Amino acid sequence: MTHNVNGPASAPTLPSLGSNIPQKETNMNGKVHSTDEWTAPVVTRRKAIIAIAAAGAIAALPTASTAEESEDAWDKACRLADELSGVLNETRGGGWFVTVYPGNHSDRPICFRRISSHLRRQNEIDPRLKALIDAHEMAFRTFSDECIFTDQISLGRKATKTELRRYCRAAKREAAAFDAVLAFVPRNDATRIRKAQFLLDFNSHSQLNDNQVELLLISMCGGFA
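Below or above, wherever it landed, is the structure these notes cover. (Residues numbered from 1 in each chain as written. Predicted model: local features only at pLDDT ≥ 70, side-chain atom pairs only at ≥ 80, totals over all residues. Heavy atoms only, no water.)

### A few points about the overall build of the protein
Put simply, the rule is: Labels follow the DSSP assignment, with helices taken as runs of H or I lasting at least four residues and strands as runs of E lasting at least two, numbered in each case from the N terminus. Categorising residues by exposure relies on relative accessible area from a 1.4 Å probe, with only protein chains included: less than 20% of the type maximum marks a residue as buried, more than 50% marks it as exposed, and the intermediate range marks it as partly exposed. Computed with the Shrake-Rupley method and a 1.4 Å probe, the accessible areas treat only the protein chains shown as cover for residues.
Scanning the protein from N- to C-terminus turns up ten helices and two strands. Sorting the 225 residues of the protein into buried and exposed places 16% on the buried side. Entry remark: accessible area of the protein is about 18600 Å², with carbon and sulfur atoms responsible for 58%.

Pasting the structure below:
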């Protein structure tokens, strides 16, 4: 029995553990920018449970938008107002302030005003009150003159109908002018003081009737009874 000797015997080889398609494996390694030699991680049940728990904890963490939504409205308003106050320091030399109303309050809820003008108006008497006081003083002088022409003692006779009509008209005009001062609503301290001085002068020689007291109280309430 003869044997053919073709050299040393070769051991059979096992198939590679990698992909059967070399080109596909090369492309996958290129996407993840990893080395050519890659070993699949071993996933145990314990590792899977830990990974699921960690993912749940991360999902439960509040994001920036969630934190803003959970912020109390008052706290948010205070924070934004504080930020606005800092920005106004750098706005046009820091000479302006802002009045802000709720958005549903009016068509223009935000109003920028110059600080110097605002302070000047606060320290000035409202010119409308000045005009009302001047009008009353003029009406009062006219009324006083008409009183002389209806005084029977000074005239030595009875007043004529014409003189009485003039007296009644002057009395009505003086009363209306005085009521206009009483009803005027002052908007700053300087105007309030001037109105109080006017009433003190009047009170030194006369008194308010019930209707006049009501007008004064309404004006103290901002013009609304």
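### A closer look at helix α6 (residues 127–148)
For clarity, the cut-off: Take the residue count of a helix, subtract one, and multiply by 1.5 Å to get its expected span. It only takes one pair of heavy atoms within 4.5 Å for two residues to be counted as in contact.
Helix length check: α6, at 22 residues, gives a terminal C-alpha distance of 32 Å against a target of 32 Å (1.5 Å per residue), a fit within 8%. Taken together, the buried residues of α6 touch α8 (161–183) and α9 (189–203).

### Remarks on the packing of α8 against α9
Cut-off, in case you're wondering: Orientation is described by axes fitted as lines to C-alpha atoms, over the contacting stretch for helices, and by angles from 0 to 180 degrees between their N-to-C directions. Should an angle lie under 35 degrees it is considered roughly parallel, over 145 roughly antiparallel, and from 65 to 115 roughly perpendicular; all remaining angles are considered oblique. Left-handed describes a crossing whose near helix is turned anticlockwise from the far helix through less than a right angle; right-handed describes the clockwise counterpart. Residues are sorted three ways: Asp, Glu, Lys and Arg are charged, Ala, Val, Leu, Ile, Met, Phe, Trp, Tyr, Cys and Pro are nonpolar, and all the rest, Gly among them, are polar.
At their nearest, the axes of α8 and α9 sit 10 Å apart, and the two run at 140 degrees to each other. As far as their axial angle goes, α9 and α8 are oblique. The crossing of α8 and α9 is left-handed. Contacts between α8 and α9 involve Phe178, Val181, Leu182 and Ala183 on the former and, on the latter, Lys195, Phe198, Leu199 and Phe202. Here the residues of the contact of α8 with α9 sort into seven nonpolar, no polar and one charged.

### A short note on the packing of α6 against α8
Two numbers describe how α6 lies on α8: the axes approach to 8 Å, and their chain directions differ by 155 degrees. Classed by the angle they form, the pair α6 and α8 counts as roughly antiparallel. For the pair α6 and α8, the crossing hand works out as left-handed. Contacts from Leu129, Leu132, Ile133, Ala135, His136, Ala139, Phe140, Thr142, Phe143, Glu146 and Cys147 in α6 reach Glu163, Arg166, Tyr167, Ala170, Ala171, Arg173, Glu174, Ala177, Phe178, Ala180 and Val181 in α8.

### Looking at a positive patch on the surface
Basically, it comes down to this: Patch definition: residues with relative accessible area over 30% and no salt bridge; like charges joined within 9 Å; nonpolar side chains (Val, Leu, Ile, Met, Phe, Trp, Tyr) joined within 5 Å. Salt bridges are defined as contacts in which a side-chain nitrogen from Lys or Arg sits within 4 Å of a carboxyl oxygen from Asp or Glu. In this count, Lys and Arg are taken as positive residues and Asp and Glu as negative ones, while His and the chain termini are left out. Taken as the charge location is NZ of Lys, CZ of Arg, CG of Asp or CD of Glu.
Side chains of Lys161, Arg165, Arg169 and Arg173 sit close together on the surface and give a patch of like positive charge. Residue classification places Arg165 among the partly exposed residues on the basis of a relative accessible area of 47%.

### Overview of the packing of aromatic side chains
For clarity, the threshold we go by: Stacked, tilted and edge-to-face pairs are distinguished by plane angle, under 30 degrees for stacked and over 60 for edge-to-face with tilted covering the rest, among Phe, Tyr and Trp rings (Trp via its six-membered ring) whose centres lie within 6.5 Å.
Throughout the structure, instances matching the rule amount to three aromatic pairs. A centroid spacing of 5.5 Å and a plane angle of 35 degrees characterise the contact between Phe143 and Tyr167, whose relative ring orientation is tilted. With Phe143 in helix α6 and Tyr167 in helix α8, this residue pair connects regions lying 24 residues apart in the sequence. Judged by relative accessible area, which is 17%, Phe143 ranks as buried. The partly exposed category is assigned to Tyr167, whose relative accessible area is 28%. Between the aromatic rings of Phe178 and Phe202, the centroid separation amounts to 4.2 Å while the plane-to-plane angle is 35 degrees, which identifies the pairing as tilted. Residue Phe178 is located in helix α8, and its partner Phe202 is located in helix α9; the two are separated by 24 residues in the primary sequence. Neither residue differs from the other here; Phe178 and Phe202 are each classed as buried. An aromatic cluster of three or more residues is present, and its members are Phe178, Phe198 and Phe202.

### A closer look at the environment of Ser219
For Ser219, the position within the fold is in helix α10 (residues 210–220). Considering only alpha carbons, one finds Ser219 and Val185, 34 residues apart in sequence, at a separation of 4.9 Å. Leaving out residues up to four positions away in the same chain, Ser219 has contacts with Leu182, Ala183, Phe184, Val185 and Lys195.

### Brief notes about α10
Which entries qualify depends on this criterion: Summarising the geometry, the arc corresponds to the directions from the helix axis toward the C-beta atoms. Pairs of N or O atoms are called polar contacts if they sit within 3.5 Å, as long as, within protein, a hydrogen donor faces a hydrogen acceptor (for residues adjacent in sequence, only side-chain-to-side-chain pairs).
By the burial criterion, the buried members of α10 are Gln212, Leu216 and Ser219. Each buried residue of α10 sits inside an arc of 65 degrees when the element is viewed along its axis, so together they form one side. In α10, the exposed positions that point more than 90 degrees away from the buried face belong to Asp210 and Asn211. Summarising the contacts, the buried residues of α10 are in contact with α8 and α9. Where α10 begins, the capping side chain belongs to Asn209, and its oxygen is found 3.1 Å from the backbone nitrogen of Asn211. Following α10 by one or two positions, Gly222 has its phi on the positive side, about 85 degrees.

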